[in-house]
Amino acid sequence: MLARKYRPSNFDDLIGQEPMVQTLTNAFESGRIAQAYMLTGVRGVGKTTTARILARALNYQTETLDTPTLDIATPGIHCQSIMDGSHPDVIEMDAASHTGIGDIREIIAAVRYKPVSARYKVYVIDEVHMLSTQAFNGLLKTLEEPPPHVKFIFATTEIRKVPITVLSRCQRFDLRRIDAAEMATFLGKIADAEAITVDDSAKAMIARASEGSVRDALSLLDQAIAHAAGSGLAQVQGEGVRAMLGLADRARVIDLFEHVMKGDIAAALTELKAQYDVGADPATVLTDLAQFVHFVTRLRYVETALNDPSLSEDEKTRGKDFAERLNPRVLGRAWQMLLKGIQEVQLASRPLAAADMVLVRLTHAADLPTPDEVIKQITSGTLSASSDVSNSTSNGGGPSGPSQAAGEATSGIPAQSNLVSAPDGADSNRMTASVPSSATAGLDPSGERVLQRVGNGPALVVDNPPLADLEVTSAVPAEAAIARPKPELRSVQPQINSLQDLLNLAEQKRDLKFKLMLRNNFSEIAFENGRIEFAAVGNAPRDMQRILQDTLLAWTGEPWEIIRSELEGQATLKAQAEAELAGVLSEAEADPLVASILAAFPKSKIKEVRFPKRDALDALDETAALEAGLDNPDAEDIGDEMTDDGGPARDNAGDPGAGGLDDYFN
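The residue count restarts for each chain, going from 1 along the sequence in the order it is written. Totals for whole chains, interfaces and linings use every residue, but because this is a predicted model, local features are given only for residues with pLDDT of at least 70 and side-chain atom pairs only at 80 or more, for both listing and counting. Each side-chain value is worked out from all heavy atoms of the structure, with water and hydrogens disregarded.

A. Structural view of the overall build of the protein chain. The number of helices and strands found in the protein chain is 25 helices and 13 strands. Every one of the 666 residues in the protein chain was classed for burial, and the buried ones make up 42%. When contacts within the protein chain are restricted to residue pairs at least 6 apart in sequence, those whose partners lie at least 24 apart make up 67%. Summing over all exposed atoms, the protein chain offers an accessible surface of approximately 35,200 Å²; the carbon and sulfur share of this is 51%. Put simply, DSSP H or I for four residues or longer makes a helix, DSSP E for two residues or longer makes a strand, and each gets a number counted from the N terminus. For the exposure calls, accessible area comes from a 1.4 Å probe over protein chains only, and a residue counts as buried if that area is under 20% of its type's maximum, exposed if over 50%, partly exposed in between. In what follows, residue pairs with any heavy atoms lying within 4.5 Å of each other are defined as contacts. Exposure was quantified through the Shrake-Rupley algorithm and a 1.4 Å probe, taking into account, for residues, occlusion by the shown protein chains and nothing else.

Here it is as structure tokens:
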């Protein structure tokens, strides 16, 4: 395979990693060689290859030179075995299959022994992020202070999964993706070395498809060579690569982009179907379309983007023209809609149909003002048919009904459907602007459009007008006028004037965590509607102030001024309950009968205090008392209870024989 045949063996052969090479060169020349290196990057950019080359540089030795160096163009004594992966002092380990602490213990036990023949014993651990937490912890001490004859080189594609304690002990290098232009040049060199003719369009397609991965690019070139040989072709051509990868023709993608930006739905759908018929994947077509949108947007601000050699002449010429004519707002909206549409197509059971619907949304939303801009133009009376509109029609370019014909007759310009759509591209609420101030108001024959006038401004043809809050005066007869939706009544917000009000609201909202925070950690200093000053006590959350602000804003709909103070405030509700309980217990202990019981039973203690008849009858009328079976309520025990945790115990109404304190102590 080309990826193995042309694998770099020294730093001069590496492409696209000049910053790393420069840093290592300076470090080796100054003798500042780290004990561990961390190489990270996407698949195929050369992490493992770089690790082997680095191991070779560390152990470079010839008959005349015996020192670490990056100038290793001439093979040394250990070079070939290191690159082959067979040197006894360069140990390569795949962390994906050796993830446990046992594998790390073997390394820790082996590092104490000096290398057999090389200068350093080098451990190359690939996909290091796959190690377990125990394995990482076991490696930390050795990694921080390894023996002078040991070096570690790690490689990973998931740098975020590597513990920061490991990263801090390594010198990190981020291997970057290879850009398409550099990749195309590299593929040309490989093709020349293989004596194979590859045209520029084929190299550009492979370079873009590889997404910066050299290994992927060489694998695709291998596949393209085999495809061309099987087809009886003398060279690798762009058409063959396009068919092999299921790509769309770049020129046809640009044609599709032009149809979309013109709002020509019929032409856009026809072009997509034609590309699908020749083997292009709908999701790939939309992806290429999104890439071209990005290219046109970038070209508007970065003129040097045209210098990319991977671009065709058609892309450069037409792309520059689009960049000069199209508004960035239009391109940004198309980009957002394409990103969402690509996901829909990839998940759809019928990708072509899903792609069709994406194009329909795109054409309807092409080059239109946003809803807020339309509102501003309407209110200022500056809306006109020529203000930043697209050449689109609701049915692909033709007239859509009598209303458009009327618009053309009165305004003197082609009747075109300029759609005001939501950001997601939906076109259910549409508005068409026409210029004349003498336009006749009324319904069109379809009964769906209404011609309205805003003050002395332009006349508007409105489909299901969404602007219910605008002051619109219409000449439409009362019986034909569109009913305006009634404004929603604003819900009455709760009034919170005290801590108890806030607790009651938390109870209604069933927010137990918030309620407990108020009870245990809230020390009131000042409390009024819209403003709270408090001190946090106990194990209060660090962001207690923010929690209060966010919760009150969500519950009341109004921002509150929340001040967290260091002053001493009132006792928390929990502390107040505990103090009340302590007083009750002290009073109970002072009772002679209770005192004698506690003296007779030294290990006994008061568990619970109940208060018969406390405010219970206020909540029960005589009928309720009779229905509850209480012939003489005054003599019964109906009241609250206090427990040793400071809260109510249970209602004791109707408990026979509950006559006094004697029955409530144990």
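Back to the write-up after that little detour.
B. Just the packing of helix α5 (residues 101–110) against helix α6 (residues 133–144), in detail. Interaxial angle, 0 to 180 degrees, is taken between N-to-C directions of lines fitted to C-alpha atoms, where a helix line uses only the stretch in contact. Viewed as axis vectors pointing N to C, α5 and α6 meet at an angle of 15°, and their least axial separation amounts to 8 Å. Between α5 and α6, the crossing angle belongs to the class labelled roughly parallel. Here α5 and α6 pass one another in a crossing that is right-handed. Across the interface between the two elements, Ile101, Ile104 and Ile108 from α5 touch Gln134, Ala135, Gly138, Leu139 and Thr142 from α6. A class-by-class count of the residues in the contact of α5 with α6 yields 5 nonpolar, 3 polar and no charged. Angles below 35 degrees are treated as roughly parallel, those above 145 as roughly antiparallel, those between 65 and 115 as roughly perpendicular, and all remaining angles as oblique. Two helices crossing with the near one rotated counterclockwise from the far one by less than a right angle form a left-handed crossing, whereas a clockwise rotation gives a right-handed crossing. Three classes are used: nonpolar for Ala, Val, Leu, Ile, Met, Phe, Trp, Tyr, Cys and Pro, charged for Asp, Glu, Lys and Arg, and polar for all others, with Gly counted as polar.

C. Focus on the pattern of salt bridges. We define a salt bridge as a contact between a side-chain nitrogen of Lys or Arg and a carboxyl oxygen of Asp or Glu at a distance within 4 Å. The tally for this structure, following the rule as stated, stands at 21 salt bridges. Where Asp216 meets Arg43, a salt bridge forms, and the shortest distance between an N and an O atom there is 2.8 Å. Linking Asp216 in helix α10 (residues 214–230) with Arg43 in the loop between β1 (36–40) and α3 (47–58), this pair joins segments that are 173 residues apart in sequence. Exposure remark for Asp216: the relative accessible area of 23% places this residue in the partly exposed category. Among the charged side chains, a network of salt bridges with common partners joins Asp255, Glu258, Lys262 and Arg318.

D. Representation of the sheet that holds strand β11 (residues 561–564) within the structure. Between any two strands, pairing holds if DSSP finds at least two bridges. One open sheet accounts for 3 strands, arranged β9-β10-β11; its pairing is mixed. Whereas interior strands pair on both sides, the edge strands pair on one side only; in this sheet they are β9 (522–528) and β11. Neighbouring strand axes in the sheet, compared pairwise and without regard to direction, differ in orientation by 20° on average. Summarising the sheet, strand β10 (residues 531–536) and β11 pair through 4 bridges and their orientation is parallel. Paired with Ile532 across the two strands is Ile562, which belongs to β11. Against the sheet, helix α21 (residues 512–521) makes contact with β9 and β10, and its axis sits at roughly 100° relative to β9, the strand it touches most. Strands β9, β10 and β11 of the sheet are contacted by helix α22 (residues 544–556), whose axis makes an angle of about 165° with β11.

E. Layout of the packing of aromatic side chains. Pairing of aromatic rings covers Phe, Tyr and Trp, the last counted by its six-membered ring, and requires centre-to-centre distances within 6.5 Å; plane angles under 30 degrees mean stacked, over 60 mean edge-to-face, and any other angle means tilted. In this structure the tally under the stated criterion is 10 aromatic pairs. Their ring planes at 25° and their centres at 5.6 Å tell us that Tyr123 and Phe152 sit as a pair that is stacked. Of this pair, Tyr123 sits in strand β3 (residues 121–126) while Phe152 sits in strand β4 (residues 150–156), and the two are 29 residues apart along the sequence. Of the two residues examined, Tyr123 and Phe152, each falls in the buried class. Note on Phe152: relative accessible area 0%, which makes it buried. Members of the aromatic cluster, joined through ring pairs, are Phe257, Phe292, Phe295 and Phe322.

F. Examining the pairing of strand β2 (residues 90–94) more closely. As defined by bridge partners, β2 adjoins β3 across 5 bridges and the pair is classed as parallel. Counted as the bridge partner of Ile91 is Tyr123 from β3. The handedness of a crossover follows from its direction of travel: if, with the strands pointing away from the viewer, the path from the first strand over the helix to the second runs clockwise, the crossover is right-handed. As for the winding sense of the linkage, the β-α-β connection from β2 through α5 to β3 is right-handed.

G. Unusual backbone geometry, seen in detail. Backbone geometry places Ala195, a non-glycine residue, at a positive phi of 60°. Backbone geometry at Arg510 places phi at a positive 60°, although glycine is not the residue there. Looking at the element boundaries, Arg510 is found in the loop between α20 (499–509) and α21.

H. Fine view of the packing of helix α12 (residues 250–262) against helix α15 (residues 313–325). Between α12 and α15, the least distance of the axes is 10 Å, while the angle of their chain directions is 15°. As the angle between them shows, α12 and α15 are arranged roughly parallel. Of the two possible hands of crossing, α12 and α15 adopt the one that is left-handed. Touching Arg250, Ala251, Ile254, Asp255, Phe257 and Glu258 of α12 are Asp314, Glu315, Arg318 and Phe322, all from α15. Among the residues making up the contact of α12 with α15, the classes are represented as 4 nonpolar, no polar and 6 charged.

I. Summary view of α15. To estimate the expected span of a helix, subtract one from its residue number and multiply by 1.5 Å. Its 13 residues place the ends of α15 19 Å apart at the C-alpha level, agreeing with the 18 Å of an ideal helix rising 1.5 Å per residue. Listed as buried for α15 are Glu315, Arg318, Gly319, Phe322 and Ala323. Across the axial projection of α15, the buried residues extend over an arc of 145°, all falling on one side. Turned more than 90 degrees away from the buried face of α15 sit Glu313, Glu324 and Arg325, all of them exposed. Buried residues in α15 make contact with α9 (200–210), α12 and α14 (282–301). The arc in question is formed by the directions pointing from the helix axis toward the C-beta atoms.

J. The arrangement of the environment of Gly279 in detail. Looking at where Gly279 falls in the secondary structure, it is placed in the loop between α13 (265–277) and α14. The class for Gly279 is partly exposed, based on a relative accessible area of 45%. The spacing of Gly279 and Met244 is 35 residues in sequence and 9.2 Å in space, taken between C-alpha atoms.

K. Spatial organisation of the confidence of the model for the protein chain. Per-residue confidence from the prediction method is given by pLDDT, with values spanning 0 to 100. With 72% of its residues at a pLDDT of 70 or more, the protein chain shows a mean pLDDT of 76. Throughout residues 385–490 the model reports pLDDT below 50, and contacts reaching past four residues in sequence, or to other chains, amount to 173 contacts. Scored below 50 in pLDDT, residues 615–666 shows 85 contacts in the model against residues more than four places distant or in partner chains.

L. Region of interest: the nonpolar core. Buried residues of nine kinds, namely Ala, Val, Leu, Ile, Met, Phe, Trp, Tyr and Cys, make up a nonpolar core once their side-chain atoms join them within 4.5 Å. Core analysis: the largest hydrophobic core is formed by 38 residues, its most contacted members being Phe257, Leu286, Leu289, Leu338, Leu359 and Leu362. Every element with two or more residues in this core is listed here: α12, α13, α14, α15, α16 (328–347) and α17 (351–365). The greatest single-element share of this core, amounting to 10 residues, is contributed by α14. In this structure, Leu362 is in contact with Val260, Leu289, Ala334, Met337 and Leu338, ignoring residues within four places of it in sequence. Counting residues in each nonpolar core, the second largest holds 29 residues, with Val45, Leu54, Met83 and Tyr120 among its members.

M. View of the sheet that holds β1. Pairing in this open sheet of 5 strands is parallel, and the strands run β2-β3-β4-β1-β5 from one edge to the other. Looking at the sheet topology across the chains shown, the edges are occupied by β2 and β5 (171–174). The mean angle between the axes of side-by-side strands here comes to 15°, regardless of whether they run parallel or antiparallel. Across 5 bridges, the pairing between β1 and β4 is parallel. Among the inter-strand pairings, Thr40 is bridged to a residue of β4, identified as Thr156. Contacting β2, β3 and β4, α5 runs over the sheet at an angle of about 165° to β3. Packed on one face of the sheet, α6 meets β1 and β4 and runs near 130° to β4.

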